[in-house]
Amino acid sequence: SKQQVQELQTKLDRADDKYASKSELDELKKSIEKMESNIDFLKENTVRSNDFVRTMTRLETKLDDMRRG
């Protein structure tokens, strides 16, 4: 009957809200892998700002020492 079809449609809509499809999960996995590889790239190719500041401070101190001496 029409009412049964409507009830089934309502149940399907609720299921769509609760569960992700396989393709949605695959997309999420790809996105996560991409983020992980970006994070790995950043870890390998960048320095933390406090490390940079520390290094620059050391260089400035050495330069000051050279100017004085």
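Here the structure is a predicted model, which is why all the values come from computation and not from measurement.

1. Describing the overall build of the protein chain
Stage number 1. Secondary structure summary: the protein chain contains 3 helices and 0 strands in total.
Stage number 2. Ordered by position from the N terminus, the helices and strands of the protein chain form the series α-α-α.
Stage number 3. Relative to its length of 69 residues, the protein chain is extended, with a C-alpha radius of gyration of 28 Å against a globular reference of 11 Å.
Stage number 4. For the protein chain, the spread of C-alpha atoms along the principal axes amounts to about 95 × 15 × 10 Å.
Stage number 5. In the protein chain, which comprises 69 residues, the share counted as buried stands at 0%.
Stage number 6. In the form shown here, the protein chain has an accessible surface area of approximately 7200 Å², with 55% of it arising from carbon and sulfur atoms.
Stage number 7. For the protein chain, the separation between the mean place of its 15 positive charges and that of its 15 negative charges on side chains is 3 Å.

2. Describing a nonpolar patch on the surface
Stage number 1. Together, Val47, Phe52, Val53, Met56 and Leu59 make up an exposed nonpolar region whose accessible area comes to about 460 Å².
Stage number 2. Structurally, Met56 can be placed in helix H3 (residues 49–68).

3. Overview of the pattern of salt bridges
Stage number 1. Here the structure, examined in full by the defined rule, presents 4 salt bridges.
Stage number 2. A salt bridge links Lys22 to Asp26; its shortest N-O distance comes to 3.9 Å. Pair noted here: Lys22 and Asp26 are both in helix H2 (residues 22–45), with a separation of 4 residues, about one helical turn.
Stage number 3. In this structure Lys22 comes out as exposed when scored by relative accessible area, which is 64%.
Stage number 4. For Arg68, the salt bridge goes to Asp65, with nearest N and O atoms at 3.3 Å. Here Asp65 and Arg68 lie together in helix H3, a separation of 3 residues that amounts to about one turn.

4. Things to note about helix H1 (residues 2–18)
The α-helix advances 3.6 residues per turn, and as a result positions three or four apart in sequence lie on the same side.
Stage number 1. For H1, with 17 residues, the first-to-last C-alpha span of 25 Å sits near the 24 Å given by 1.5 Å per residue.
Stage number 2. Counting buried positions along H1 gives 0 out of 17 residues, so the element sits mostly on the surface.

So, how was this worked out
Each chain has its residues counted from 1, following the order in which its sequence is written. The predicted nature of this model means local features are confined to residues of pLDDT at least 70 and side-chain atom pairs, given and counted, to a pLDDT of 80 or more, with totals for whole chains, interfaces and linings taken over all residues. Values shown for side chains rest on all heavy atoms present in the structure; no hydrogens or waters enter the calculation. Helical segments are the DSSP runs of H or I of at least four residues, strand segments are the runs of E of at least two, and each set is numbered from the N terminus. Radius of gyration here is computed from C-alpha atoms only, and the compact-globule reference equals 2.2 Å multiplied by the residue count raised to the power 0.38. Type-normalised accessible area, obtained with a 1.4 Å probe on protein chains alone, sets the label of each residue: buried when under 20%, exposed when over 50%, and partly exposed for intermediate values. Residue-level accessible areas treat just the shown protein chains as cover; the underlying method is Shrake-Rupley with a 1.4 Å probe. Two residue types count as positive, namely Lys and Arg, and two as negative, namely Asp and Glu; His and chain ends fall outside the count. A charge is said to be at NZ when it belongs to Lys, at CZ for Arg, at CG for Asp and at CD for Glu. In this analysis, a patch consists of residues with relative accessible area above 30% that form no salt bridge, clustered at 9 Å for like charges and at 5 Å for the nonpolar side chains Val, Leu, Ile, Met, Phe, Trp and Tyr. In the sections that follow, a salt bridge refers to a side-chain nitrogen of Lys or Arg positioned within 4 Å of a carboxyl oxygen of Asp or Glu. The span expected for a helix works out to 1.5 Å for each residue beyond the first.

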